[in-house]
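The chain contents come next:
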Amino acid sequence: MKPMDSQLSTLNSEPKEYRRIAVCGGIYNNYLALEAALEDIRRREVEAVFCLGDMGAFGPHPDRIFPLLDEGKVLAIQGNYDQSLAIGLDNCHCGYTDPRDNYFAQLSYEYTFRKTSHENKAWLGKLPTHRRVKLGQYRVLMCHGSPRRINEFLWESTSPNCLLEKFCRDFETDILLCTHTGIKWHRALNGCGHIINVGTIGRPENDGQVHVWYTLLTAGDDLQVEFIPVHYDHKTLAQEMEQEDLPLEFIETIRTGWWTTCLEILPAKERARGKY
Amino acid sequence: MTIPTAPLLELSTLWIQVTGTWCNLTCTHCLNSSGPHNPWLKSLDTDMVIRSIKEGAELGIKEIYYTGGEPFLHKDILLLTAHALEVAPTTILTNGTLITDQVADHLAELAQNSPYSLEIRISIDDVDPEKNDRIRGQGAFSKAIRALQVLHSRGLLPIVTATEILRDELPEGSGMYEQFRDLILSLGITKPRMKIMPVFSIGRMEGEGGPLLTPEMLDGFDYSLLQCSETRVVAEGGVYACPILAGLPQARLSEKSLKEAFKPCDLYHTACVTCYETGMTCKN
């Protein structure tokens with residue numbers, strides 16, 4: 001397929017102002033969830049759709065998400081996975097420190113690397129690492145992990161207010177949007193900003209529910225933040241993962257909503273909520 | 001020879017050596033030679049620790065670590081943990097031998113009442129009690145195991161921390177990671193967590209010297225791979241570059257504030273070679 005040049009031309013323009021946007025993160029090859037999310041978003045009268053990166057990992061058939069991003073006019077930034085694929089690194093640079101986490105991350109990276117077309121890798125390589133827009137009166141900064149590092153994990157229980165306030169100050173923003181961890185959260189800082197981890201639509205968030213999430217942001221007198229659940233044909237996705245010989249552990253997560261891998265990176269509070 | 005330095009890229013991790021080198025154990029591989037008698041580095045006053053946390057918060061730190069020595073020897077460790085958890089996620093590195101039911105109850109309550117994670121790291125060096133105790137002292141294994149169980153039963157998820165001190169004694173074909181994972185699972189802990197660290201040629205393992213880093217070795221090197229590029233340690237006498245070197249004069253960057261320690265540190269020790277080669281971090 002041809003690269004999506006129509007999107008690339010918008011990357012360096014001045015911050016545009018919106019009233020209502022949809023933002024998703026971490027697609028992880030889950031084209032069925034992306035399709036369902038975009039269909040849901042179309043009914044919600046948003047002015048633009050953004051994706052905070054990590055198109056690949058975990059799921060089957062990586063190339064299937066790219067036409068959907070194009071058709072949905074999704075404005076994307078680069079995640080660590082996209083960066084690794086684009087420049088041909090030998091692993092995803094997700095930032096795991098545990099051997100078991102790295103073992104499973106490597107399996108999905110090698111699969112995704114093998115199955116992503118050259119053209120799509122090149123397109124990922126052209127995406128920006130950050131984006132700035134206006135949402136009503138708010139300045140918005142979008143990043144993948146954190147504004148200072150593409151693969152930094154901002155979990156709810158390990159992101160102290162003092163750090164988030166520093167981010168808002170140093171990076172001159174009122175709203176900071178990120179993903180990378182796979183679990184959504186929102187914190188309004190004391191009068192000086194909002195941090196929103198928009199979650200991922202690639203895999204469920206370790207709560208025993210099979211649906212995934214994206215985020216709707218609406219500017220009014222106050223900022224309205226809505227996390228929207230997306231139900232999709234997860235059974236078909238699981239079957240396709242089986243056909244592609246992806247690890248049974250990954251398939252179990254899609255079927256049950258419980259994480260079975262990449263667990264060791266979870267902080268105590270987030271780990272305690274899961275099954276494993 | 002010119003000593004290379006590492007820049008402080010950001011202050012993300014604040015370590016506080018709350019009990020200096022005061023410990024109830026005398027492990028044979030201890031990297032700062034901690035022990036029960038005449039610790040060469042003293043404990044910090046409660047007020048000093050609280051001031052450091054406050055300064056860390058003003059500087060926008062991401063996390064706090066308490067270490068020593070043995071942090072649970074500090075008379076105010078629970079109060080200090082409460083203070084830390086008001087500001088940032090907090091980890092305590094401990095040998096586990098002083099974690100009673102009452103202490104575990106208190107820790108569970110603190111964890112419950114904070115929005116931030118509390119991590120308790122328990123040191124064990126081998127899954128075999130005899131081998132472990134040869135390194136860590138008689139009875140250390142059973143007390144550490146009990147600590148894992150009392151913390152687990154209260155919903156805290158301790159992280160087992162092991163060094164590779166006994167790696168050479170592993171049976172052939174046996175993985176250290178898998179052995180520890182099996183041990184933890186056998187205790188009925190269904191969410192096994194662990195961290196394995198190399199042994200450093202420092203403290204009781206200090207050798208006859210060894211290779212040092214040179215400026216040429218660091219040419220084009222990504223300094224963010226060294227923990228001293230994002231870490232500072234408050235210990236008796238001031239602020240130091242990293243937890244391994246805390247207390248050593250050449251690693252001291254400031255006598256007072258964290259802010260004054262925002263400067264490059266000397267990579268002067270053989271231990272710096274271990275970090276350079278392994279990319280290891282003392283963080284979780």
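Further up the page is the structure itself.
Let me begin by describing the structure that accompanies this report. (Residues numbered from 1 in each chain as written. Chains lettered and ligands numbered in written order. Predicted model: local features only at pLDDT ≥ 70, side-chain atom pairs only at ≥ 80, totals over all residues. Heavy atoms only, no water.)

1. Structural notes on the overall build of chain B
Piece 1. Tallying secondary structure elements over chain B gives 7 helices and 11 strands in all.
Piece 2. For chain B, whose C-alpha radius of gyration is 18 Å, the value lies close to the compact-globule estimate of 19 Å for 284 residues.
Piece 3. Along the first, second and third principal axes, the C-alpha atoms of chain B reach 50 × 45 × 35 Å.
Piece 4. A burial count over chain B gives 57% of its 284 residues as buried. (Helix = DSSP H or I, 4+ residues; strand = E, 2+ residues; numbered from the N terminus. Rg over C-alpha atoms; globule rule 2.2 N^0.38 Å. Buried < 20%, exposed > 50% of the residue type's maximum accessible area, 1.4 Å probe, protein only.)

2. Things to note about unusual backbone geometry
Piece 1. Omega for the bond connecting Gly68 of chain B with Gly69 of chain B falls within 30 degrees of zero, at 15 degrees, which places this linkage in the cis form.
Piece 2. Tracing the sequence through the fold places Gly69 of chain B in the loop between strand 3 (63-67) and helix 2 (77-87).
Piece 3. Unusually for a residue other than glycine, Asn206 of chain A sits at a positive phi of about 65 degrees.
Piece 4. Here Asn206 of chain A is to be found in the loop between strand 9 (193-197) and strand 10 (212-219).

3. Points about the sheet that holds strand 11 (residues 223-230) of chain A
Residue and element names in this part refer to chain A.
Piece 1. Strand order in the open sheet formed by 5 strands is 4-3-2-10-11, and the pairing between neighbours is mixed. The sheet is open, and its two borders are formed by strand 4 (74-76) and strand 11, each paired with just one other strand. When strand polarity is set aside, the average angle formed by the axes of neighbouring strands in this sheet is 25 degrees.
Piece 2. With 4 bridges joining them, strand 2 (residues 20-24) and strand 3 (residues 48-51) adopt parallel strand pairing. (Pairing = 2+ DSSP bridges. Axes fitted to C-alpha atoms, helices over the stretch in contact; angles between N-to-C directions.)

4. Points about the packing of aromatic side chains
Residue and element names in this part refer to chain A.
Piece 1. This model, assessed by the stated rule, comprises 13 aromatic pairs over all chains.
Piece 2. For the pair Phe153 and Trp155, a centre-to-centre distance of 5.7 Å together with 5 degrees between the ring planes defines the contact as stacked.
Piece 3. Residue classification places Trp155 among the buried residues on the basis of a relative accessible area of 4%.
Piece 4. The rings of Phe58, Tyr103, Phe104 and Phe250 are connected pair by pair, giving a single aromatic cluster.
Piece 5. The side chain of Lys184 reaches across the aromatic face of Trp213, ending 3.9 Å from its centre.
Piece 6. Residue placement shows Lys184 over the ring face of Phe227; its charged tip is 5.6 Å from the ring centre. (Phe/Tyr/Trp six-rings, centres within 6.5 Å; stacked < 30°, edge-to-face > 60°. Lys NZ or Arg CZ within 6 Å of the ring centre and 35° of its normal.)

The values reported here are purely geometric and, on their own, carry no functional implication.
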